[in-house]
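This is what each chain is made of:
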Amino acid sequence: MKLNKITAALATIGMFSTVAFAQEAQTTEKIQKVEVTGTSIKRTNTETASPVQVIRSEDIKRSGATNMSELMQTIPSITSGGQNDFTSGNGFAAGTATASLRGLGSASTLTLINGRRMAATATADPNSGQSTLYNINNIPMSAIERVEVLKDGASAVYGSDAIAGVVNIILKKEYKGLEATATTSGATQGGFKNNNVSLFGGYGDVDTDGFNIMVGLDVSKREGTKVEKSGGISALPVARGKWGGNIFGEDSAITFTPNYYPETGVGKGVYDTTAPLAPTKCPANQVSTTILQSKAPACAMDTNQYAYFTMPSKSANLFSRASFNVTKDITGFVEAGVSRLENEFPSAGGFATLSSSLQTWFDPAGNRRSFRFALPANHPDNPLFIANSANQLRVAAGARLADIAAGTDVTQTTYRLVGGLSGTHFGWDWQSGLMLNKSKRESRDFGAINSVTAGAALEKYRFGGVNSAELLKQISPDANSSGETTVNAVDLKGSTEFGKLAGGAIGIAAGAEYRRESIEMISDANLAAGNYVGRGGSSATGSRNVASLFTEANLPVLKSVNIEAAVRYDRYSDYGSSTTPKIGFKYTPIPELSFRGTVSEGFRAPGLTQISTSNVSSFQKINTYRDWVRCPNGAAIPGATNYETAKECTTDERTIASFIVANTQLKPETSRSKTLGLVFAPTANFSGTLDVYQISRKNEIDRLSSNDILRKLYAEGNTVYNEVVFRSPDPTTLLKDAAGNPIPGTGPVVGVKRKYLNLGESIVKGVDLELAYKANLGAWGRLNTTLFAGYIDSFKYQSEAGLPYVDQSDTGDTPRLKTRLNLSWSLDDYTVFGSMNYVSGYGLPAFNNTTGVKTTCSPDLKAVALAEAPGCRVASFTSFDMGATYTGFKDLKLSATVRNVFDRNAPFDPNYSYYNTVLHNPQGRALTVSANYKFK
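These notes cover the structure that comes with them. (Residues numbered from 1 in each chain as written. Predicted model: local features only at pLDDT ≥ 70, side-chain atom pairs only at ≥ 80, totals over all residues. Heavy atoms only, no water.)

**Focus: the nonpolar core**
- Membership of the largest hydrophobic core comes to 46 residues, with the highest contact counts inside it found for Met-68, Met-72, Ile-144 and Val-147.
- Those elements giving two or more residues to this core turn out to be β1 (52-56), α3 (68-72), β2 (109-113), β4 (144-150), α4 (155-158), β5 (165-171), β30 (686-698) and β36 (782-798).
- Residues within four places of Ile-144 in sequence aside, it is in contact with Ser-57, Ile-60, Met-68, Ile-139, Ile-169, Ile-170, Leu-171 and Lys-172.
- Core analysis: the next-biggest nonpolar cluster, separate from the first, contains 22 residues, Leu-401, Ile-449, Leu-458 and Leu-471 among them. (Core = buried A, V, L, I, M, F, W, Y, C linked by side-chain atoms within 4.5 Å. Buried < 20%, exposed > 50% of the residue type's maximum accessible area, 1.4 Å probe, protein only. Helix = DSSP H or I, 4+ residues; strand = E, 2+ residues; numbered from the N terminus. Contact = heavy atoms within 4.5 Å.)

**Some points on the pattern of salt bridges**
- Applying the stated criterion across every chain, the model contains 42 salt bridges.
- In this structure, Asp-409 and Arg-444 form a salt bridge, with 2.8 Å as the shortest nitrogen-oxygen distance. Of this pair, Asp-409 sits in strand β19 (residues 395-425) while Arg-444 sits in strand β20 (residues 428-446), and the two are 35 residues apart along the sequence.
- Residue classification places Asp-409 among the partly exposed residues on the basis of a relative accessible area of 22%. (Salt bridge = Lys/Arg side-chain N within 4 Å of Asp/Glu carboxyl O.)

**Considering the sheet that holds β4**
- Spatially, β1-β4-β5-β2-β3 is the arrangement adopted by the 5 strands of the open sheet, whose pairing is mixed. Strands with a single pairing partner mark the edges of an open sheet, and in this sheet they are β1 and β3 (116-117).
- Where β2 meets β5, 5 bridges bridge the pair, whose relative direction is parallel. When the bridges of β5 are listed, Thr-109 appears paired with Gly-165. (Pairing = 2+ DSSP bridges.)

**A word on the state of the cysteines**
- Per the stated rule, a full pass over the model turns up 3 disulfides.
- Disulfide partner of Cys-282: Cys-299, at an S-S distance of 2.1 Å. Given an S-S torsion of about 75°, the disulfide between Cys-282 and Cys-299 has right-handed geometry. Of this pair, Cys-282 sits in the loop between β10 (259-262) and β11 (287-288) while Cys-299 sits in strand β12 (residues 298-299); the two residues are 17 residues apart in sequence, bridging distant segments of the chain.
- Residue pairing for Cys-631: its cysteine sulfur links by disulfide to Cys-649, the two sulfurs lying 2.0 Å apart. Disulfide Cys-631-Cys-649: torsion about the S-S bond near -75°, hence left-handed. On the criterion of sequence distance, the pair formed by Cys-631 in the loop between β27 (613-623) and β28 (653-661) and Cys-649 in the loop between β27 and β28 is long-range, its members being 18 residues apart. Cys-649 carries the same exposure label as Cys-631, and that label is buried.
- Counting only the cysteines that form disulfides, in the order they appear in the protein, gives the pairing 1-2, 3-4, 5-6. (Disulfide = S-S within 2.5 Å.)

Any functional reading would require information beyond the geometric quantities listed.
Rendered as structure tokens:
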């Protein structure tokens, strides 16, 4: 039976309930009902047909997590596909932390605050699954009451983006008193320091005073930790796997004392980059005879001294809420919040650099750009001129400019204002709300060389000397880009009971929502023009309106059988409409055991950066043999000359411009989600849930790779792609025939336009297990234990419709098993707690998405990397946390948590720099200490 067959029935139920309820008598005794994530119907039983994990405020404090990003790492259903803000990530969304359920990407996990949407961060991240990003570190930790993770498709209730599930962050609704908390954390071997101070206060009681006002402030600072603080990983595997040498040894010949490469002849413009001039000014301990392939003496340095495990950041979050009675039957609230995050991302090399090689890149218009600085023959820093004032040879410089730091600073400011009314009238529990939410992002890129203005300025530059600020600005002006997103919404919903079935009263909910979303991103003018050496930019402008209607029914057909059904209709102004139904059941044959299951459809609307006026300029490597104009069928043209290298038609790669553009004809991604499980409580102290799930997502929005486009154009003969492949207009790059004549149209591929398309499908299957045990030990206190485990059975990926599926489970993106076991014991003023965290090991395969072939061990991995990954697998990782809380002092609560008690090193993953940044942590043993004081 197709799910859309329930749509009409549900709509009828929703409309009929408003009439039918008038005939029902109200009960004299009011029973407290609550809202549960995943349903709009208030209920007394919080265990629904859909699986929901709840992380309460006390659990958050005991975890030792200092922000939402760290907390997400402790949840088994959260796997790779998300973002973190402590590394620069892929660069497009630096400073953003997100959640990704089931490995389906941030854009398929809907993040809510108090059941309402957040404004997405103002980024245009073209990477798969990252089009719409919700920055979870904008949320004040001190204001969180609990986090509910709905591990089921929820588009029928919440609309777009909820394909994999929902992370609903629920903040405090009311608070009376004043408290202050100070928290500090850091690794016991040094580094990874994070300090936080929060102040939370409230006044009034809604029940007795008719109002409550509360205000919370969180301020935190995270210090940057450099790679030299390597206590949390093994420096040896990093050295051998990443560089094949000492992690703290020389790795670059681009140094503060330049290496100079002489011109091969006066005025030729050709430089011998295999061997520099004798490095006479280089410190003796930096002269290397191994850094260059030629073994010629050169000045060398260690750039890892500038590499960071965690980048510096500061944040401030202000949250306030006023709750009040409007009338006897109507209450209201107003929430206002402001957050500001400042992230610093120093460049991996620390400073601006000049390469002795000719640097080539392409601007957004597809024009080939190149840059190399050569000191004039009479430049005072030219060693040949110093030795001979009559010198006529220029020298190319490989240099690091000590007075021009390089990196990116990102500042994100979010404003959120929500107001609403709720009440009970005519038997309906109703609520309405108005939300205004804005997110602003400003970034400053510094240390990039401006190819337009740098050449003339560098002729005046003194290496190791004093240079004016004006001169430095000409060489490397800051690139300032900005972006802003908004989501403004108004909603109204209500729930009621009417009529009865054999199992009890029928529950009904219905509602409507209208919202407007917008994005505007403006790249720095020089960045947008492609003036910076080897840099790209992005821009986006778009807006849309979304109107939604939804209804839901809770049907207790028998005392032991409950049916839940929901349907939602969303109308988007830019692509059309989507209707998403959901149906679920819960069967309870005995009080100690219930069976449950759901089937639902879902959708994800194309992101505004994918469907509006948007483009991203970046760079991508291609296999040059795929260019069949220069290499027909992957082979050189007989007798042709002027190939870039002898291996151009065999193994060479070339970096080309990649222009990623929006597509106004995109359709939404669609999904079908299925769950089947059981809820059991054999004793009053022991309970658990076991759920099997499957999520299939079709019409996935992504881009073809540049290699795929070349394959389609030449190997498959699809001439449509002729329009998106650009060749160099430079006549000197044309191939020449045997007679030495240029062959028209044979310039190398320099750029590819990659449009967003609806492509393939992902199917993920797995199992979730939750167990809870609690015991009252009498004079010995209370014991609580919980276990959360997530197992991924398969993750089948199809890159394009019609191509084979490849199982990508048991990899760094989707490890088989992730678990967390929590244990706490309380007695009088003492609470002692601990946890065990486990992530299974995983393979390092390679996939051919075109043929469907999976190679167990990626051929791209070097032998030195495989030496640290026996069997071509990354090792499993188990860590233990312990902590204690003491409340024996009046109004004072002291807590301490030691994470990774046994100081386990994160396993080395050769596919990352050092370690898997989503699954593992590099800090080793870490201590978090906090003190909370309640003022009277």
